[in-house]
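# Descriptive structure summary
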Amino acid sequence: MTKADIIAEVEKRLGPLDEKAKRAVEMAMELMERLPTTKPEPKWQGENPSLDEMAKLTEEERLRIMDELATANLDWLERKRVELGARWMLVVDGEVLMHGPTLDNYPSDEEVEELCRRMGKVLLLHTAPLLIEERAAWHPTIYPADFARHF
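Described below are features of the structure shown in this document.

Scoring rules and cut-offs
- Residues numbered from 1 in each chain as written.
- Predicted model: local features only at pLDDT ≥ 70, side-chain atom pairs only at ≥ 80, totals over all residues.
- Heavy atoms only, no water.
- Buried < 20%, exposed > 50% of the residue type's maximum accessible area, 1.4 Å probe, protein only.
- Helix = DSSP H or I, 4+ residues; strand = E, 2+ residues; numbered from the N terminus.
- Pairing = 2+ DSSP bridges.
- Expected span 1.5 Å × (residues − 1).
- Patch = residues over 30% accessible without salt bridge, like charges linked within 9 Å, V, L, I, M, F, W, Y side chains within 5 Å.
- Areas by Shrake-Rupley, 256 points an atom, 1.4 Å probe, with all protein chains shown as cover.
- Salt bridge = Lys/Arg side-chain N within 4 Å of Asp/Glu carboxyl O.
- Lys, Arg positive; Asp, Glu negative; His and termini not counted.
- Charge placed at Lys NZ, Arg CZ, Asp CG, Glu CD.
- Axes fitted to C-alpha atoms, helices over the stretch in contact; angles between N-to-C directions.
- Contact = heavy atoms within 4.5 Å.
- Core = buried A, V, L, I, M, F, W, Y, C linked by side-chain atoms within 4.5 Å.

## Topic: the pairing of strand β1 (residues 88-92)
- Summarising burial for β1: 5 of the 5 residues are buried, a large majority.
- Residues W88, L90 and V92 point to one face of β1 and M89 and V91 to the other, with burial holding for every one of them.
- Of the pairings in the sheet, the one linking β1 to strand β2 (residues 95-100) comprises 5 bridges and is antiparallel in character. Directly across from V91, in β2, lies its bridge partner V96.
- Taking the residues that link successive antiparallel strands as the turn, the β1-β2 hairpin has 2 residues, and the phi of D93 there is positive, at about 50°.

Right, dumping it as structure tokens:
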């Protein structure tokens, strides 16, 4: 609805508005737009694929399936990651099995494989987005000890 539509609806219910009243309605609408919106808590959608299902697929199909699961649950994953203060999480069917504050405590490949076998499913790994500094190689600058100042 536009501002004109809302003013017309108010006038329909209350009768003609003077300019000051119209401005008050417009200001109230502007203030309402600034209020934070509360979104419902996201729910986990779908299931992690079984090890048997994934074994029958090509690598490309497996990546696509896991990407679709992650994309469908991105809001849930990010909310849960922040709630746990985690840098990474291993998730199956909406349950966080393991998580950690740094990549230093990420489990070994053997531990992840054992967990997959025990669950009978492929685990979804979700990590915090990398910062630009984490992805870019360091290049020296003209400032002495520049690298040391930032870390």
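## Details of helix α1 (residues 3-14)
- The end-to-end C-alpha distance of α1, which contains 12 residues, comes to 16 Å, matching closely the 16 Å that a straight helix rising 1.5 Å per residue would cover.
- Just downstream of α1, G15 is the residue with a positive phi angle, here 100°.

## Thoughts on a negative patch on the surface
- On the surface, D109, E110, E111 and E113 cluster together into a negatively charged patch.
- Mapped onto the elements, E111 comes out in helix α6 (residues 109-119).

## Digging into the sheet that holds strand β3 (residues 124-127)
- Strands sit in the order β2-β1-β3 across an open sheet of 3 strands; the sheet is antiparallel. At either end of the open sheet lies a strand with only one pairing partner, and these are β2 and β3. Within the sheet, the average angular offset between the axes of one strand and its neighbour, ignoring direction, is 25°.
- Sheet topology note: the β1/β3 ladder contains 4 bridges and is antiparallel. Each bridged residue has a counterpart across the sheet, and for V91 the counterpart in β3 is L124.
- Sheet strands touched by helix α5 (residues 74-84): β1, β2 and β3. Its angle to β3, the strand with the most contacts, is close to 60°.

## So, the nonpolar core
- Formed by W44, M54, M66, L69, W76, L77, A86, M89, V91, V122 and L124, the largest nonpolar core amounts to 11 residues.
- Secondary structure elements with two or more residues in this core: α4 (59-72), α5 and β1.
- Beyond its immediate chain neighbours, meaning those up to four positions away, L124 contacts W44, N48, M66, L69, A70, L77, M89, L90 and V91.
- By size, the runner-up hydrophobic cluster in this structure holds 7 residues, among which are W88, L90, V112 and C116.

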